[in-house]
Amino acid sequence: MKAWLLTLAIMAVPAIAQEAPPSTPLPRVALDTTAGRIVIEADTRAAPITAGNFLKYVDGKRLDGVVFYRAVKVADKFGFVQFGANGDPKRVLPPIKHEPTTQTGLHHTDGALSVARFAPGTARGDFTISVGDQRASLDADPSKPGDNLGYAAFGHVVEGMDVVTKIMDAPVSPTATIQGSFKGEVPVAAVKVITARRLPVGIAVKP
C-alpha cells in the first residue's frame, strides 16, 4: 500500500508543476495617428530596459505630436518607418543601455518595434517599426565584423499594420533631408502621432 501511494504521489508532481500562475499581460500602447490607430505590445519581460524606456516616453506624453519622419520602402511590404523625438531637447530622455537581440531573444520580424541608435548605448527616443522580416539587417550577428550588435527590438504591433504599411507607402521627397540625412526617405506629408497612451490591461484589439 505504501509503495502504491508513493507512486501515485510521484505521478501527481508534474501535473501540479504545470499549474503555474498566469503571467501578467504585457503592456500595450495605442498610437492614435492622423493615418489611423497602431497598437504596440511592449515586451517588458524580454527587453525591460528598452521597453521601459519606450513606456517612459509614452507616460510622459513625450510622443504626443511627434511625426513619422522617415519611411524606407525597399520593396512591396518590405522596409521600415521611423518616428519619435528626432533630437527635440524638450522630448529626449537620457540614453539607455543596449539590449541586443542575442540577449533578449526578440527579433526584427514583421511589425517589430526597435529603438534607433548610433553607437551601442546611445539610443533615446526614436523608434522604428519593421515591415517584413528584417532579421538579416537589424538583428545582432556576432559573426559579422565591427559593430555587430544590431538594434534593440522591444515589442511588436498587434493592431494597425495596415496603417504602418500605408505610412511606408506614402510619397517621399526626392530632395528633402533631416539635418542632412535621410535624403529620399522623408515623407512629403508626415503622419502625426496625436496621442500615445497605455491601454487598460487585458483590453481586446482587432485581430
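Before going into details, it helps to say that this report is about the structure given with it. Keep in mind it's a predicted model, so treat the numbers as computed, not measured.

Quick look at the overall build of the chain now. Looking only at helices and strands, the chain features 5 helices and 10 strands. Counting only residues that meet the buried cut, the chain has 44% of its 207 residues in that class. A sequence separation of at least 24 residues applies to 70% of the contacts in the chain between residues at least 6 apart. A total accessible area of about 11,200 Å² is found for the chain, and carbon and sulfur atoms account for 60% of it.

What follows concerns the packing of aromatic side chains. For the structure on display, the rule yields 7 aromatic pairs. Judged by centre distance (6.3 Å) and plane angle (25°), the ring pair of Tyr69 and Phe182 falls under stacked. You can see Tyr69 sitting in strand β3 (residues 68-75) and its partner Phe182 sitting in the loop between β8 (172-173) and β9 (186-187), a full 113 residues away along the chain. Judged by its relative accessible area of 24%, Phe182 falls in the partly exposed class. Of the aromatic side chains, those joined through ring pairs into one cluster are Phe54, Tyr57, Phe68, Phe83, Phe127 and Phe154.

Attention now goes to helix α2 (residues 48-59). Over its 12 residues, α2 runs 16 Å from end to end, which matches the ideal 16 Å to within 8%, given 1.5 Å per residue. Residues of α2 that are buried: Thr50, Ala51, Asn53, Phe54, Leu55, Tyr57 and Val58. Lys61 lies just past α2 and shows a positive phi near 60°.

Rules and cut-offs
- Residues numbered from 1 in each chain as written.
- Predicted model: local features only at pLDDT ≥ 70, side-chain atom pairs only at ≥ 80, totals over all residues.
- Heavy atoms only, no water.
- Helix = DSSP H or I, 4+ residues; strand = E, 2+ residues; numbered from the N terminus.
- Buried < 20%, exposed > 50% of the residue type's maximum accessible area, 1.4 Å probe, protein only.
- Contact = heavy atoms within 4.5 Å.
- Areas by Shrake-Rupley, 256 points an atom, 1.4 Å probe, with all protein chains shown as cover.
- Phe/Tyr/Trp six-rings, centres within 6.5 Å; stacked < 30°, edge-to-face > 60°.
- Expected span 1.5 Å × (residues − 1).

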